[in-house]
Amino acid sequence: MNDKYINPLAGQIDDDVDDNIIEMLDETGRKHYFYEEMQFFADGNRYALLRFIKTDDEFEIDDDENITIAKIVVNPAGEDEYFSPSDEEFDIAVKAYEEIAVENE
């Protein structure tokens, strides 16, 4: 999955959440929406913790544990793009996130 930081749901969910909405395309071109909980760095890379947004009937942030981590890369135009990290990058990001979570308890 990858795509640029956009705001496709502006006005459809709470205004204070709009700025943190990410639209991503899967391998088949299907759109998925995520709420960006936070960004963090691990091993020289920037990552985002993303929570899935349910879009069946209405837009609502999933309160379940449907979260994932995306790698953020700045493209030549200076815009953030979100990618699925490699398995190794994912493991590094999860470890870094877990350390942040422990520090914040």
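Scope of this entry: the structure provided in the associated data block. Small disclaimer: the values here were computed from a predicted structure and weren't measured.

Scoring rules and cut-offs
- Residues numbered from 1 in each chain as written.
- Predicted model: local features only at pLDDT ≥ 70, side-chain atom pairs only at ≥ 80, totals over all residues.
- Heavy atoms only, no water.
- Pairing = 2+ DSSP bridges.
- Helix = DSSP H or I, 4+ residues; strand = E, 2+ residues; numbered from the N terminus.
- Core = buried A, V, L, I, M, F, W, Y, C linked by side-chain atoms within 4.5 Å.
- Buried < 20%, exposed > 50% of the residue type's maximum accessible area, 1.4 Å probe, protein only.
- Contact = heavy atoms within 4.5 Å.

### Quick notes on the pairing of strand β7 (residues 80-83)
Now for step 1: Here strand β6 (residues 67-74) runs beside β7; their pairing, made up of 4 bridges, is antiparallel. Pairing of Val73 across the sheet is with Glu81, part of β7.
Now for step 2: Linking β6 back to β7 in an antiparallel pair, the connection comprises 5 residues, with Gly78 at a positive phi of about 85°.

### A closer look at the nonpolar core
Now for step 1: Ranked by size, the top nonpolar core spans 8 residues in total: Ile22, Met24, Phe34, Ala48, Leu50, Ala70, Ile72 and Tyr82.
Now for step 2: Excluding its chain neighbours within four sequence positions, the residues that come into contact with Ala48 are Glu36, Met38, Gln39, Thr68, Ile69, Ala70, Ile72 and Tyr82.
Now for step 3: Core analysis: the next-biggest nonpolar cluster, separate from the first, contains 7 residues, Phe40, Ala42, Ala93 and Ala96 among them.

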